[in-house]
Every structure is written in C-alpha cells, then in structure tokens.
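Each chain, written out:
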Amino acid sequence: MLEQSEAEALLEEARQAGGSAYAPYSGFHVGAALLDAGGSVHTGANVENASYGLSTCAERAAVACAVGQGVREFRAIAVAGPDDREPCLPCGSCRQILHEFAPDLVVVVTAPGHGFREIPLSDLLPDAFGADTLAQSRHREEESG
Ligand code: THU
C-alpha cells in the first residue's frame, strides 16, 4: 500500500495523463500513472482507432512506455476515468498485462467521498495465469524426461 500523499499524487498524475487521451469514439478519457520501484512515474492515456478493436487502454500505454525504457519493476498504478465519481478499474486484459510484470501491484482508483481506494491487483485477478504457470509445466516435462 502507498502513503496517502503518494496515492493522491499518483492519482493526480493519472488525471492529468487522461487529458492526452485520444478517445473520439467512446468519449471516455482515461489516464494511468504507473509508479516504478525506483520512484519514477510512467503515464499513459487511451488511444482509440476508427477500427475500434485496435484501441489501446491507458494502463497498457503506461506499461509499454515504462518497459520500452527498460523499466520492469512496479509498485502501483493509478487509473482515472473521465469522472471522479465513478472509479475506473482496469479492464480484464489490462489486469493480465499488469500481472505479467507486477503480481503484487497496488491499483489506486478514485472513491467518491474517500478520495481514493487502493486495491491489490491479486484481488482483481485471483488465481492468475502467469509466467510461473508455464515454468512449472516446463519443469515437470524436464523431470519426466
Ligand atoms: N479504457 C481504458 O483505457 N482503461 C480501462 O481500464 C477501461 C477502458 C478505455 C478503452 C476505450 O478507449 C475506452 O476506455 C472505452 O472503453
């Protein structure tokens, strides 16, 4: 979990990142701010396309930005939708993408009346499929020759 001031600052960065969203089709602007293990923040916004299925979520954009710069260890991600009264939780695909790099990630979203809420990613994606699942399977194959 984050300090209150840290969570609020991260959420504010997510709100600001949402200002760069390209969402002419849904009109739903999302910003994400990903806090890495070194304390730096990587932001992203959703980028839509006339071919709707090619649209990219804000969370994924933030992950791609960080990983493309060689950063792979993360503590938390804040996500802000267009309206603070409605918390914007990561979609299912983004939960899986976040799990790839940070199974212990903390997700920060807005919470009407409370400012923000922190949720462990493992609560949002329980019993996740991940790299360790593949590694265990490979290990068993090697053992059985
Ligand atoms: N979206 C995100 O960027 N993140 C989420 O967690 C949920 C959905 C975007 C995708 C699309 O551009 C718009 O919001 C409406 O679904």
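Within the secondary structure layout, A17 lies in helix α1 (residues 4–18). Taking C-alpha positions, A17 is 7.7 Å from V30, a pair spaced 13 residues apart along the chain. Beyond its immediate chain neighbours, meaning those up to four positions away, A17 contacts G31, A32, T43, G44 and A45.

What follows covers the side chain of H99. One can find H99 in helix α3 (residues 92–101). Excluding residues that lie within four positions of it along the chain, H99 makes contacts with L121, L125, A128, F129 and G130.

Here E48 lies in the loop between β2 (41–45) and α2 (58–67). Buried within the structure, E48 lacks any salt-bridge partner; its nearest side chain of opposite charge belongs to R60, at an N-O separation of 11 Å. In this structure E48 touches Y22, A23, P24, Y25, S26 and S55, once residues within four positions along its chain are discounted.

Relative to the elements of secondary structure, S55 occurs in the loop between β2 and α2. You can call S55 partly exposed: its relative accessible area is 28%. Those residues within four positions of S55 in sequence are excluded, and the remaining contacts are V47, E48 and N49.

All right, on to the site of the ligand then. The ligand sits among S26, F28, V30, N46, E48, C57, A58, E59, L89, P90 and C91. Note that an oxygen atom of the ligand is positioned 3.0 Å from one of the side-chain N or O atoms of N46. Contacts to the ligand include C91, whose backbone N or O atom sits 3.3 Å from an oxygen atom. Class assignment for the residues of the shell around the ligand results in seven nonpolar, two polar and two charged.

Rules of the game
- Residues numbered from 1 in each chain as written.
- Predicted model: local features only at pLDDT ≥ 70, side-chain atom pairs only at ≥ 80, totals over all residues.
- Heavy atoms only, no water.
- Helix = DSSP H or I, 4+ residues; strand = E, 2+ residues; numbered from the N terminus.
- Contact = heavy atoms within 4.5 Å.
- Buried < 20%, exposed > 50% of the residue type's maximum accessible area, 1.4 Å probe, protein only.
- Lys, Arg positive; Asp, Glu negative; His and termini not counted.
- Salt bridge = Lys/Arg side-chain N within 4 Å of Asp/Glu carboxyl O.
- Near = heavy atom within 4 Å.
- Polar contact = N/O pair within 3.5 Å; in protein donor to acceptor, adjacent residues only side chain to side chain.
- Nonpolar A, V, L, I, M, F, W, Y, C, P; charged D, E, K, R; others polar.

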